[in-house]
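The lines below spell out each chain.
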Amino acid sequence: MQVNKGEMMKLVKNLLAASAISGLLITASMAADAELIAKGDKIFNNKKKGNCFACHDVNGQKIDGPGSFGPKLVGLSYWDEQLLYDTVYDIYAARGLKISAMPAFGKTGWLDDAEIKAVVAYLKTIN
(Lines give C-alpha, C1' and ligand atoms only; values in the text may rest on other atoms or scores of the structure.)
Protein backbone atom coordinates (compact mmCIF):
# COMPACT_ATOMS: atom_id res chain seq x y z
CA MET A 1 0.00 0.00 0.00
CA GLN A 2 1.39 3.38 -0.97
CA VAL A 3 0.71 6.54 1.00
CA ASN A 4 1.10 9.85 -0.73
CA LYS A 5 2.95 12.77 0.85
CA GLY A 6 -0.26 14.67 1.73
CA GLU A 7 -1.76 11.69 3.56
CA MET A 8 1.52 11.13 5.42
CA MET A 9 1.60 14.77 6.58
CA LYS A 10 -2.02 14.55 7.72
CA LEU A 11 -1.21 11.37 9.67
CA VAL A 12 1.81 13.01 11.32
CA LYS A 13 -0.26 16.08 12.28
CA ASN A 14 -2.97 13.87 13.78
CA LEU A 15 -0.39 11.91 15.77
CA LEU A 16 1.20 15.11 17.08
CA ALA A 17 -2.20 16.49 18.06
CA ALA A 18 -3.09 13.24 19.84
CA SER A 19 0.25 13.30 21.69
CA ALA A 20 -0.31 16.91 22.80
CA ILE A 21 -3.81 16.14 24.05
CA SER A 22 -2.56 13.06 25.92
CA GLY A 23 0.15 15.14 27.56
CA LEU A 24 -2.39 17.72 28.69
CA LEU A 25 -4.66 15.04 30.12
CA ILE A 26 -1.79 13.44 32.03
CA THR A 27 -0.69 16.83 33.37
CA ALA A 28 -4.24 17.67 34.45
CA SER A 29 -4.58 14.26 36.09
CA MET A 30 -1.30 14.72 37.99
CA ALA A 31 -2.44 18.15 39.20
CA ALA A 32 -5.76 16.69 40.37
CA ASP A 33 -3.89 13.87 42.15
CA ALA A 34 -1.59 16.39 43.84
CA GLU A 35 -4.61 18.36 45.06
CA LEU A 36 -6.29 15.20 46.34
CA ILE A 37 -3.10 14.11 48.14
CA ALA A 38 -2.74 17.55 49.74
CA LYS A 39 -6.37 17.41 50.89
CA GLY A 40 -5.76 13.93 52.36
CA ASP A 41 -2.62 15.12 54.13
CA LYS A 42 -4.60 17.98 55.66
CA ILE A 43 -7.37 15.64 56.87
CA PHE A 44 -4.83 13.14 58.21
CA ASN A 45 -3.18 15.85 60.31
CA ASN A 46 -6.33 17.78 61.31
CA LYS A 47 -7.39 17.27 64.94
CA LYS A 48 -11.03 17.98 64.09
CA LYS A 49 -11.26 15.68 61.06
CA GLY A 50 -9.19 12.55 60.58
CA ASN A 51 -6.75 13.15 63.44
CA CYS A 52 -4.88 10.06 62.21
CA PHE A 53 -1.55 11.41 63.43
CA ALA A 54 -2.81 11.16 67.02
CA CYS A 55 -2.39 7.38 66.77
CA HIS A 56 -0.23 6.71 63.72
CA ASP A 57 3.41 7.50 63.13
CA VAL A 58 4.14 7.86 59.43
CA ASN A 59 7.30 6.36 57.97
CA GLY A 60 9.80 9.09 57.17
CA GLN A 61 7.92 11.92 58.87
CA LYS A 62 8.54 13.58 62.19
CA ILE A 63 5.18 14.23 63.80
CA ASP A 64 4.79 16.35 66.92
CA GLY A 65 2.31 14.19 68.76
CA PRO A 66 1.89 10.76 70.29
CA GLY A 67 1.65 8.76 67.06
CA SER A 68 2.38 5.50 68.83
CA PHE A 69 -1.02 4.13 69.80
CA GLY A 70 -1.79 2.64 66.39
CA PRO A 71 0.60 0.87 64.05
CA LYS A 72 3.33 2.82 62.28
CA LEU A 73 2.18 3.42 58.72
CA VAL A 74 4.71 2.03 56.25
CA GLY A 75 4.48 0.53 52.78
CA LEU A 76 0.95 1.76 52.14
CA SER A 77 1.88 2.71 48.57
CA TYR A 78 1.78 -1.04 47.87
CA TRP A 79 -1.65 -1.60 49.37
CA ASP A 80 -4.79 -1.96 47.30
CA GLU A 81 -6.74 1.32 47.21
CA GLN A 82 -10.05 -0.40 47.90
CA LEU A 83 -8.64 -2.13 50.99
CA LEU A 84 -7.34 1.21 52.29
CA TYR A 85 -10.71 2.85 51.58
CA ASP A 86 -12.62 0.03 53.28
CA THR A 87 -10.27 0.16 56.30
CA VAL A 88 -10.79 3.89 56.78
CA TYR A 89 -14.53 3.60 56.09
CA ASP A 90 -15.12 0.73 58.53
CA ILE A 91 -12.08 -1.10 59.89
CA TYR A 92 -14.31 -3.65 61.62
CA ALA A 93 -15.94 -4.90 58.41
CA ALA A 94 -12.81 -4.51 56.28
CA ARG A 95 -10.59 -6.51 58.61
CA GLY A 96 -13.15 -8.70 60.35
CA LEU A 97 -12.36 -7.13 63.72
CA LYS A 98 -14.58 -7.00 66.76
CA ILE A 99 -12.38 -4.58 68.71
CA SER A 100 -10.29 -1.66 67.48
CA ALA A 101 -9.41 1.75 68.84
CA MET A 102 -9.71 3.12 65.30
CA PRO A 103 -13.14 4.55 64.57
CA ALA A 104 -15.11 3.55 61.50
CA PHE A 105 -14.66 7.01 59.97
CA GLY A 106 -17.06 6.56 57.05
CA LYS A 107 -19.68 4.41 58.69
CA THR A 108 -20.06 6.88 61.54
CA GLY A 109 -20.16 9.87 59.18
CA TRP A 110 -16.97 11.36 60.60
CA LEU A 111 -15.54 11.51 57.07
CA ASP A 112 -17.52 11.57 53.85
CA ASP A 113 -16.70 9.63 50.67
CA ALA A 114 -14.61 12.44 49.12
CA GLU A 115 -12.64 12.91 52.34
CA ILE A 116 -11.89 9.20 52.61
CA LYS A 117 -10.74 9.13 48.99
CA ALA A 118 -8.43 12.05 49.75
CA VAL A 119 -7.01 10.28 52.81
CA VAL A 120 -6.47 7.14 50.71
CA ALA A 121 -4.64 9.21 48.06
CA TYR A 122 -2.38 10.54 50.81
CA LEU A 123 -1.88 7.10 52.37
CA LYS A 124 -0.82 5.73 48.97
CA THR A 125 2.18 8.11 49.10
CA ILE A 126 3.55 6.43 52.23
CA ASN A 127 6.38 3.99 51.54
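As a starting point, this report considers the structure included with it. (Residues numbered from 1 in each chain as written. Predicted model: local features only at pLDDT ≥ 70, side-chain atom pairs only at ≥ 80, totals over all residues. Heavy atoms only, no water.)

Quick notes on the environment of Ile126
1) Next: Tracing the backbone through its elements, the reader meets Ile126 in the segment after α4 (113–123).
2) Next: For Ile126, a relative accessible area of 4% gives the class buried.
3) Next: For Ile126 and Tyr78, which are 48 residues apart along the polypeptide, the C-alpha to C-alpha distance reads 8.8 Å.
4) Next: In this structure Ile126 touches Val58, Asn59, Leu73, Val74, Gly75, Leu76 and Ser77, once residues within four positions along its chain are discounted. (Helix = DSSP H or I, 4+ residues; strand = E, 2+ residues; numbered from the N terminus. Buried < 20%, exposed > 50% of the residue type's maximum accessible area, 1.4 Å probe, protein only. Contact = heavy atoms within 4.5 Å.)

Some points on helix α2 (residues 81–89)
1) Next: Regarding α2, the residues found buried are Leu84, Tyr85, Thr87 and Val88. Buried residues in α2, looked at end-on, bunch into an arc of 165°, giving them a common side.
2) Next: Contacts made by the buried residues of α2 are with α3 (91–95) and α4. (Arc of directions from axis to C-beta.)

Things to note about a nonpolar patch on the surface
1) Next: A cluster of nonpolar residues, Tyr78, Trp79 and Leu83, forms a patch on the protein surface that exposes about 340 Å² of accessible area.
2) Next: Structurally, the position occupied by Trp79 is in the loop between α1 (5–44) and α2.
3) Next: Given a relative accessible area of 30%, Trp79 falls into the partly exposed group. (Patch = residues over 30% accessible without salt bridge, like charges linked within 9 Å, V, L, I, M, F, W, Y side chains within 5 Å. Areas by Shrake-Rupley, 256 points an atom, 1.4 Å probe, with all protein chains shown as cover. Salt bridge = Lys/Arg side-chain N within 4 Å of Asp/Glu carboxyl O.)

Here's the deal with the nonpolar core
1) Next: Counting 21 residues, the largest nonpolar core has Phe44, Leu73, Val88, Leu111, Leu123 and Ile126 as its most contacted members.
2) Next: The leading source of residues in this core is α4, at 6 residues.
3) Next: Contacts of Phe44, omitting those with residues within four sequence positions, involve Asn51, Cys52, Phe53, His56, Val58, Leu73, Tyr122 and Leu123. (Core = buried A, V, L, I, M, F, W, Y, C linked by side-chain atoms within 4.5 Å.)

Topic: the packing of α2 against α4
1) Next: Where α2 contacts α4, the axes come no closer than 9 Å and their chain directions differ by 125°. Comparing their axes, α4 and α2 come out oblique. Crossing of α2 over α4 shows right-handed handedness. Mapping the contact onto sequence places Glu81, Leu84, Tyr85, Val88 and Tyr89 in α2 and Asp113, Ile116, Lys117, Val119, Val120 and Leu123 in α4.
2) Next: Of the residues in the contact of α2 with α4, the class split is 8 nonpolar, no polar and 3 charged. (Axes fitted to C-alpha atoms, helices over the stretch in contact; angles between N-to-C directions. Parallel < 35°, antiparallel > 145°, perpendicular 65-115°, else oblique. Left-handed = near helix turned anticlockwise from the far one by under 90°. Nonpolar A, V, L, I, M, F, W, Y, C, P; charged D, E, K, R; others polar.)

Description of the layout of surface pockets
1) Next: Within this model, the largest pocket holds a volume of roughly 550 Å³.
2) Next: In this structure, the largest pocket is lined by 28 residues; those nearest its centre are His56, Pro71, Leu73, Ile91 and Met102.
3) Next: Those elements that place two or more of their residues in the lining of the largest pocket are α2, α3 and α4.
4) Next: Per-element accounting of the lining of the largest pocket gives the leading share, 3 residues, to α2.
5) Next: Roughly 150 Å³ of internal volume is contained in the second largest pocket. (1 Å grid on protein atoms, 1.4 Å probe; cavity = no way out; pocket = protein on both sides within 12 Å on 5 of 7 lines; lining within 4 Å. Points joined across faces, edges and corners; volume = space filled by probe spheres on them.)

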